[in-house]
Amino acid sequence: MTEPLPAAPDDALPVAAPDGVPDPADALADGEWHRLHPATPFLRGGVAFLAILGVLVANFRDRLVELAVGFQEEDPVDLLIDRNLLLPVLGGAIAFVLIGIVGFYLSWRFHQFRVTDEVVEVRSGILFRTQRQARLDRIQGINLQRPFLARLVGAARLEISVAGQDANVRLAYLGSAQADVLRRDVLTLASGAKRGGAPAVARVRSGLLEQRVDELLAPELDPSEAPAESVVHIPPGRIIGSLLLSETTVIFVLVLAVGIPWVAISGNWYAILGVFPALIGMGGVIVNRFTRTLRYSIAGTPNGVRVGYGLLSTSSQTIPPGRIHSVAIRQPLLWRPAGWWHITTNLASSGVPSASSGNVAATRLMPVGTQDDVARVLALLLPDLHGEEGLLDTSLTGRGGDDGFVNAPPRARWLRPFSWRRTGFTLTSSALVLRSGIVWRTVVLVPQARLQSVALVQGPLRRRLRLAGVHAHTVAGPIAPRLEVADADVAVTLFADLAVAAVTSGAADTTHRWNASGSAP
Amino acid sequence: MAERLEPVPGDWRRVSPKQVGVELAGSASMAVIAAIVAIAAFVLGIGFLSAAFAVAAVIGLISAAIAPGRVRSYGYQLRDDDLLFRRGLLYQRFVAIPYGRMQLIDINRGPVSRALGLSELKFVTAAAATNVTIPGLPEQEAEALRDRLVGLAETRRVGL
């Protein structure tokens, strides 16, 4: 899509105040075109440019100093003078710097966005213009990230996820406080509530420095954003414990425990060189997971579940209601004594997880938590499950038998020798709950309104055992909701029930505009 | 052997018997190519390669042998709110797709299908696992079915 170059009259574009103080009248979601934070070029790679500039300046400053003091030494600048090349080189360097500055300035000027009642729209590019729109009712989540450097200058990166690969709209960077307001406004607009709520909370601050310090010291989750009772925190001790008890750590320790004595006995010191990179890699994974999960909080807000984490670089993601396509609650074997679980989700927007875009939170929504935490987070993720409290205990730790779940018949032990008792399902009014695994306990919940299709499968082995499998199809993600073994007749009934439920709950679902009847907060 | 699954009573619409030709052509060409490679590898004395391709050739032959049964197993029903598809004899698979969940419908024609006047309809939902393709539909019927389903999907459109 191309669009004629915008005339961009200055008065029509209220540029963000450089210090990012939110002016209540300067809400960004007003349907007009806006520009990004002025520090954007530097935050998006201009730092390297500045460094080059700095090196140049430093060299020439040394040269000036030397001239003044009178030292004579062979250095590149002397050579340039000797060959009469100083002026061309200096001129070239200055031109390069100028072109860079102009380029960054222009790309900043041409990078604009607006938020209307229907869409979020971004246009950018100097020569090759691109324009991208995201429909508000298709928003799958909003991710607000503050890398450490950006936090220092009071900027934040807002990423609006829509369904599909690489389909996100990124606004990098915005003023920190503005980004908070914009996120709230976009969510409010997307919820279908009427425009025109209370203005942003104006914060009175005396100066730039104090404001920076305030922002750096502020709690990761603004207390006004979510009711305190809905917030689930993860204590640092538990994070460390969960990491120590993870498979990665166990392998790490095993490698060391076997490797060190072996090297010491055999005297084969070169072997260390071979293992070293792998050890560093594993150590890196552990440290990375630890720093990412520091100050982790999950909270319910009127506009969805908010997951925030990070100590120096912070990130917080808001997933509106009805964007969660399935939820898996799992317990690695080593976590069982501690009673810990983790929760992963399938989201339409997650795409390929990458460390940079904060997708760790997108897929592993709760890195570690007790059964109590699981209950609270599940109530936030799937509020329709309200009133089925007993269900969670049964599904997590139940051993099978006649416990409300329809479990696999004993003849399924040929296929599930240990877990057949526990392998089963139950249908609530809003969700399909699948339970499996006796060693690695797993519970998968699929909201019926998110079912894309349902399959009933049977191969020769299951046919001989009069068993069958039922697969629920949801958007791609780390979870494949499948009931692998069930009595054939039960599976046929479940298939028919799910096919009906997928249609009726899908048609009754209104979460694409989750607050259409309400008004803006 | 226990009986096969028959989860939904009612008339299944079947695909054209000419589809057997398409599947035969695919399986047979696979068998022939694999056999040629196997023989060539045997002549050159590369034993394991020869064995691997011989196995592939046998699989191709078996696949060709059961092609008529497989084609008979394809079936679909247009129910009130969803499309029901079935395939497979040994490995049976039934899929129900609500009309409102269909994101797009492709019509594909391979060279053999085109010669026989057949098309296949491929259904795409937001879930990759859905993976439903109805092969062996006469061209006219495929287009009519596509138009009808797109219409149904439009009137029952739901979110993701």
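Going by the structure above, here's the rest.
Please read all numbers here as calculations on a predicted model, not as lab measurements.

*Asks:* Pulling in residues and values, what's your account of empty space enclosed by the protein?
*Replies:* Residues and elements named next belong to chain A. Tallied over the entire structure, the rule returns two cavities of 30 Å³ or more. In this structure, the largest cavity spans a volume of roughly 100 Å³. Residue classes in the lining of the largest cavity are distributed as one nonpolar, six polar and five charged. When residues of the lining of the largest cavity are assigned to domains, at least three map to each of domain 1 (10-36 + 111-218) and domain 4 (297-513).

*Asks:* Any chance you could break down the side chain of Ser395 of chain A for me, citing the residues and the numbers?
*Replies:* Residue and element names in this part refer to chain A. Here Ser395 shows up in helix α12 (residues 389-397). For Ser395, a relative accessible area of 2% corresponds to the buried category. A distance of 2.9 Å separates a polar side-chain atom of Ser395 from the backbone oxygen of Leu392. The residues touching Ser395, leaving out its near neighbours within four places in the chain, are Phe405, Arg422, Val433, Arg435 and Val443.

*Asks:* Tell me what's going on with the nonpolar core, and back it up with residues and numbers.
*Replies:* Residues and elements named next belong to chain A. By size, the foremost hydrophobic cluster in this structure holds 37 residues, and its most contacted members are Ile298, Val327, Ile329, Leu381 and Leu445. Counting residues per element, this core draws most heavily on helix α11 (residues 371-381), at five residues. Two domains share this core, each providing at least three of its residues, namely domain 3 (235-293) and domain 4 (297-513). Within the second largest apolar cluster, 29 residues are counted, among which are Val446, Val470, Ala491 and Val492.

*Asks:* Residue-level account of the sheet that holds strand β6 (residues 155-162) of chain A, with values.
*Replies:* Residue and element names in this part refer to chain A. Spatially, seven strands are ordered β7-β6-β5-β11-β10-β9-β8 in an open sheet, and the strand pairing comes out antiparallel. A strand with exactly one partner marks an edge of an open sheet, and here the two such strands are β7 (169-175) and β8 (232-233). As paired elements, β8 and strand β9 (residues 297-301) share two bridges and run antiparallel to each other. The partner of Val232 across the bridge, within β9, is Ile298. Contacts from α11 reach β8, β9 and β10 (304-309) within the one sheet, and its direction differs from that of β9 by about 40°.

What counts, and where the lines are drawn
Residues numbered from 1 in each chain as written. Chains lettered and ligands numbered in written order. Predicted model: local features only at pLDDT ≥ 70, side-chain atom pairs only at ≥ 80, totals over all residues. Heavy atoms only, no water. 1 Å grid on protein atoms, 1.4 Å probe; cavity = no way out; pocket = protein on both sides within 12 Å on 5 of 7 lines; lining within 4 Å. Points joined across faces, edges and corners; volume = space filled by probe spheres on them. Nonpolar A, V, L, I, M, F, W, Y, C, P; charged D, E, K, R; others polar. Domains from an automatic or database assignment. Helix = DSSP H or I, 4+ residues; strand = E, 2+ residues; numbered from the N terminus. Buried < 20%, exposed > 50% of the residue type's maximum accessible area, 1.4 Å probe, protein only. Polar contact = N/O pair within 3.5 Å; in protein donor to acceptor, adjacent residues only side chain to side chain. Contact = heavy atoms within 4.5 Å. Core = buried A, V, L, I, M, F, W, Y, C linked by side-chain atoms within 4.5 Å. Pairing = 2+ DSSP bridges. Axes fitted to C-alpha atoms, helices over the stretch in contact; angles between N-to-C directions.

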